[in-house]
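One letter stands for each residue in the lines below.
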Amino acid sequence: MTPFEGLKPLIVACAGLTVAGALAGCETLRRQTVRPAPEPPVLAVRPPAVVEVEPPGGGRPAPQAARGCVPRTLGPPPRYPDSDAALRAAAGAADRYQLMAAGRLMRQKRLEELERAVAACR
């Protein structure tokens, strides 16, 4: 009796698994043909016909003169104190909070001015 006789079934099983793995690997390496995608069908579509309709009253209406709605008293936007650079340079959270509160008040005031200007234009 040889020392490897007890291992004979194990050796046969390992050899079988090796052969099966090799065959499976060869199957994945098989060259596969790539089919081109079918071309989409081409539909013949005519663009819709453009029909110009004249406004009532004959010709085209006279262009209206452009009128500036923005009052001259409305200045440029202010420089808000809560910019990114100012918030990064702030010493602490309390300073950042004060900058944001001041910026909010300025934005509210500016928004009120803009709303008055828009209301006057309408």
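Since the model is a prediction, treat every value here as computed from it, not as a measurement.

Caption draft 1: Seen up close, the packing of aromatic side chains. In the structure shown here, the tally under the stated rule is 0 aromatic pairs. Over the aromatic face of Tyr-80 sits the side chain of Arg-107, whose NZ or CZ is 4.3 Å from the ring centroid.

Caption draft 2: Seen up close, the pattern of salt bridges. For the structure shown, the criterion picks out 2 salt bridges. Salt-bridge contacts for Asp-82 lead to Arg-107; the nearest nitrogen and oxygen are separated by 3.0 Å. Pair noted here: Asp-82 is in the loop between α1 (8-28) and α2 (84-89) and Arg-107 is in helix α3 (residues 93-121), with a separation of 25 residues, a long-range link. Its salt-bridge partner being Arg-110, residue Glu-113 comes within 3.8 Å of it at the nearest N-O pair. Taken as a pair, Glu-113 and Arg-110 lie in helix α3 at a separation of 3 residues, close to a single helical turn. A relative accessible area of 25% places Glu-113 in the partly exposed class.

Caption draft 3: Quick peek at the side chain of Arg-110. Given a relative accessible area of 13%, Arg-110 falls into the buried group. Those residues in contact with Arg-110 that sit more than four places away from it in its chain are Leu-74, Gly-75, Pro-76, Pro-77, Pro-78 and Tyr-80.

Caption draft 4: Layout of the environment of Ala-86. The topology assignment puts Ala-86 in helix α2. Taking the C-alpha atoms as reference, Ala-86 lies 10.0 Å from Met-100; in sequence the two are 14 residues apart. In this view, Ala-86 contacts Pro-81 and Leu-99; residues no more than four positions away in its chain are not counted.

Caption draft 5: Molecular detail of α3. Counted at 1.5 Å a residue, the expected span for α3 with its 29 residues is 42 Å, and the 42 Å between its end C-alpha atoms agrees. Where α3 is concerned, the buried positions are Gly-103, Arg-110 and Ala-117.

Conventions used here
Residues numbered from 1 in each chain as written. Predicted model: local features only at pLDDT ≥ 70, side-chain atom pairs only at ≥ 80, totals over all residues. Heavy atoms only, no water. Phe/Tyr/Trp six-rings, centres within 6.5 Å; stacked < 30°, edge-to-face > 60°. Lys NZ or Arg CZ within 6 Å of the ring centre and 35° of its normal. Salt bridge = Lys/Arg side-chain N within 4 Å of Asp/Glu carboxyl O. Helix = DSSP H or I, 4+ residues; strand = E, 2+ residues; numbered from the N terminus. Buried < 20%, exposed > 50% of the residue type's maximum accessible area, 1.4 Å probe, protein only. Contact = heavy atoms within 4.5 Å. Expected span 1.5 Å × (residues − 1).

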